[in-house]
Amino acid sequence: MKKFMLAGAIALFGLSSAQMTKGDWVFSGNTGIGFNTQSYKIKADGQSQDGPKISRFSVTPSVGYFVINGLAVGVDLGLESSTQKQEGSKVTVSTFSVMPTATYYFNTGGKFFPFLGAGIGYASSKTKYNIAYSISDPLLFSGDATEDGLTWKAKAGITYLATPSLGINLGLGFDQVYTKDTYFNTEVKTTRSNFGATIGFSYFLKGKAQKSDK
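Here the structure is a predicted model, which is why all the values come from computation and not from measurement.

Trainee: Would you mind going over the overall build of the chain with me for this structure?
Mentor: Broken down by element type, the chain carries 2 helices and 10 strands. Along its sequence from the N terminus, the chain presents helices and strands in the succession α-β-β-β-β-β-β-β-β-β-β-α. The contacts of the chain with a sequence gap of at least 6 include a subset with a gap of at least 24, amounting to 60%. With the model as given, the accessible surface of the chain reaches about 13600 Å², and the carbon-plus-sulfur share is 63%.

Right, here's the structure in full:
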């Protein structure tokens, strides 16, 4: 019995230590949800106006390959939606991005793996708008517009290995999207920046070379 338990412990240790090494794969899905109400007010002639209410949602599926121990190089797919409402008006921005990334996991010798990552790639944004002066006023105009541009991001956080293959991710991220278009013979450049917390899961898969060695 003791020999069996010892063999099991050695096997479990081997599985744990085999993660995040050269030749392994990581599949992740992280989500960020944020609701924010800007609290400014403008007063004039005894009247006041509140700021807009903004809600955001994002999800980022990704895949990475460990080119060396701890360093995964791969691709993130980003899906984000942001809605702003104010005084009967509504503006929704939906963004899709494809971004090559690199993420480094620091081996602490335990189940917690801090990580740092960055990436740069392509983004496409679609804006839908319905604009009115106020809730009681009639609709002034509505429409949509599509823009393409450059995007980049930086992230940091920690992955907890709940099992030898399944990790729980908690992190912070900052990203920017740059778009450029021409309206009425005028070039318009737009920069959108986001900073927030994310939570998600990662699945680590051992490479074929490691499987064949066992």
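Trainee: Can you walk me through the nonpolar core in this structure?
Mentor: Nonpolar side chains in soluble globular proteins tend to end up buried together. M20, V26, F66, A72, Y105, F113, F115, L161 and F204 form the largest nonpolar core, which has 9 residues in total. Leave out the neighbours within four places in its chain, and V26 touches S62, V63, G64, F66, A72, Y105, S202, Y203 and F204.

Trainee: Would you mind going over the packing of aromatic side chains with me for this structure?
Mentor: Each aromatic ring pair is summarised here by two numbers: the centre-to-centre distance and the angle between the ring planes. Applying the stated criterion across every chain, the model contains 9 aromatic pairs. Ring geometry for F66 versus Y105: centroids 5.8 Å apart, planes at 45°, classification tilted. Of this pair, F66 sits in strand β4 (residues 53-68) while Y105 sits in strand β6 (residues 89-105), placing them 39 residues apart in sequence. For Y105, a relative accessible area of 8% translates into the label buried. With centroids separated by 5.9 Å and ring planes inclined at 50°, the aromatic side chains of Y105 and F115 adopt a geometry described as tilted. Within this pair, whereas Y105 is found in strand β6, its partner F115 is found in strand β7 (residues 112-132), the two being separated by 10 residues in sequence. Each of the two residues, Y105 as well as F115, counts as buried. Here the aromatic cluster, defined as three or more aromatic residues joined through ring pairs, consists of F66, Y105, F115 and F204.

Trainee: How should the side chain of T151 be read in this particular structure?
Mentor: Of note, T151 is situated in strand β8 (residues 139-161). In this structure the side chain of T151 is engaged in a polar contact, spanning 3.0 Å, whose partner is the backbone oxygen of Q176. The residues touching T151, leaving out its near neighbours within four places in the chain, are S97, M99, G119, I120, G121, Y122, A123, Q176 and V177.

Trainee: Would you mind showing me how to read the pattern of salt bridges here?
Mentor: Opposite charge on two side chains allows them to pair when their charged atoms are near. Counting across every chain of the model gives 2 salt bridges. Between K153 and D76 there is a salt bridge, with the nearest N and O atoms lying 2.6 Å from each other. Within this pair, whereas K153 is found in strand β8, its partner D76 is found in strand β5 (residues 71-86), the two being separated by 77 residues in sequence. This pair shows no difference in class: K153 is buried, exactly as D76 is. Here K155 and D76 are joined by a salt bridge, their closest N and O atoms 3.9 Å apart. Of this pair, K155 sits in strand β8 while D76 is found in strand β5, placing the two residues 79 residues apart along the sequence.

What counts and what doesn't
- Residues numbered from 1 in each chain as written.
- Predicted model: local features only at pLDDT ≥ 70, side-chain atom pairs only at ≥ 80, totals over all residues.
- Heavy atoms only, no water.
- Helix = DSSP H or I, 4+ residues; strand = E, 2+ residues; numbered from the N terminus.
- Contact = heavy atoms within 4.5 Å.
- Areas by Shrake-Rupley, 256 points an atom, 1.4 Å probe, with all protein chains shown as cover.
- Core = buried A, V, L, I, M, F, W, Y, C linked by side-chain atoms within 4.5 Å.
- Buried < 20%, exposed > 50% of the residue type's maximum accessible area, 1.4 Å probe, protein only.
- Phe/Tyr/Trp six-rings, centres within 6.5 Å; stacked < 30°, edge-to-face > 60°.
- Polar contact = N/O pair within 3.5 Å; in protein donor to acceptor, adjacent residues only side chain to side chain.
- Salt bridge = Lys/Arg side-chain N within 4 Å of Asp/Glu carboxyl O.

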